[in-house]
Amino acid sequence: MTSSQAAKRLGLSMATIQKLVDNNILQAWKTLGGHRRIALASVLNYQNANNILDRSRLNGDRRTKVMLVIDSAELTNRLRNEIPQWGLALQVVFQESLTEALLELLNEKHDLLVIQMGGLRKPQEKNLDIVQKFMRARHSVAHTLVLTPERDLWSTNTIDTSPASIQVLQHELSPLWLSAYLSGFVALKRT
């Protein structure tokens, strides 16, 4: 299977699939055209060893599709463990970068995109502008939530993405806060 198919089946980012291949956890080879192929048997073994559902078969369910862009491996691992315990009807995909997220959104529609921003203000403003332009051009997310430590990042960018919406909050991403936000989001989506 392709790296993209493996990522979708396991609910992992392309970067994580690449790391698993590089660490010989997933067995892969390159075709004559230079494309990577991953052995289905190694994906199934990884899936069974880690108790992962086949994410590619879950498209017909009514779960809210959420993509989380988090650059902290520690927070990502913590959320991977905690989110299933929240009892919410969610299908969550984790991405390590905004670029990975936007590439994934070219192929897959999500209900919510949550982006954790940090670092210097100028790059955050640039990333917010990129998100805004992407949402205007491709409407593959119903709602986007940007969390930033910066005050008034919203006011420096004119947000106009109808019909998709972007919400910018000066807030740190924590599991407790995210659980409450997602509970409200899922409840609102049902109405």
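Attention here is on the structure that accompanies the text.

Rules and cut-offs
- Residues numbered from 1 in each chain as written.
- Predicted model: local features only at pLDDT ≥ 70, side-chain atom pairs only at ≥ 80, totals over all residues.
- Heavy atoms only, no water.
- Buried < 20%, exposed > 50% of the residue type's maximum accessible area, 1.4 Å probe, protein only.
- Helix = DSSP H or I, 4+ residues; strand = E, 2+ residues; numbered from the N terminus.
- Pairing = 2+ DSSP bridges.
- Salt bridge = Lys/Arg side-chain N within 4 Å of Asp/Glu carboxyl O.
- Axes fitted to C-alpha atoms, helices over the stretch in contact; angles between N-to-C directions.
- Core = buried A, V, L, I, M, F, W, Y, C linked by side-chain atoms within 4.5 Å.
- Contact = heavy atoms within 4.5 Å.

Let's shift gears to the pairing of strand 3 (residues 64-69). For strand 3, the buried fraction is high: six of the six residues fall into the buried class. One ladder, built from six bridges, connects strand 3 with strand 4 (residues 90-95); its direction is parallel. Residue pairing for strand 4: Thr64 is matched across the bridge by Leu90. Bridge count between strand 3 and strand 5 (residues 110-116): four bridges; the pairing is parallel. Looking at strand 5, one finds that Met67 is bridged to Leu113.

Under the defined criterion, the tally for this structure stands at eight salt bridges. A salt bridge links Lys8 to Glu108, with the shortest nitrogen-to-oxygen separation between them at 3.0 Å. Placement of the pair is Lys8 in helix 1 (residues 3-10) and Glu108 in the loop between helix 5 (98-105) and strand 5, with a sequence separation of 100 residues. The exposure class assigned to Lys8 is partly exposed, which follows from its relative accessible area of 37%. Glu82 serves as the salt-bridge partner of Arg78, at 2.8 Å between the closest nitrogen and oxygen. Separated by four residues within a single helix, Arg78 and Glu82 lie in helix 4 (residues 73-82), roughly one turn from each other. Assessed through its relative accessible area of 46%, Arg78 is described here as partly exposed. Looking at Glu82, the relative accessible area reads 22%, which means it is partly exposed. Here the salt bridges do not stand alone but share partners, grouping Arg121, Lys122, Glu125 and Glu150 into one network.

The next point concerns the sheet that holds strand 6 (residues 141-148). In a beta sheet, neighbouring strands pair by backbone hydrogen bonds and run either parallel or antiparallel. A sheet is described by the order of its strands in space; here five strands give the open sequence 4-3-5-6-7, paired in parallel fashion. Of all strands in the sheet, those bounded by a partner on one side alone are strand 4 and strand 7 (165-170). If you compare each strand with its neighbour and ignore which way they point, the axes differ by 15° on average.

Here we come to the nonpolar core. Among the nonpolar cores identified, the biggest contains 21 residues, and Leu68, Leu79, Ile83 and Leu112 are the most heavily contacted of them. When residues of this core are traced back to their parent elements, those giving at least two are strand 3, helix 4, strand 4, strand 5, strand 6 and helix 8 (175-190). Sorting elements by how many residues they give to this core places helix 8 first, with six residues. Not counting chain neighbours up to four residues away, the residues in contact with Ile83 comprise Leu68, Leu90, Val92 and Phe94. Within the second largest apolar cluster, 18 residues are counted, among which are Leu105, Ile115, Val131 and Val141.

The residue Asn24 is not glycine, and still its phi comes out positive at about 60°. With respect to the element layout, Asn24 can be found in the loop between helix 2 (14-22) and strand 1 (28-30). Classification of Asn24 by relative accessible area gives exposed; the value is 65%.

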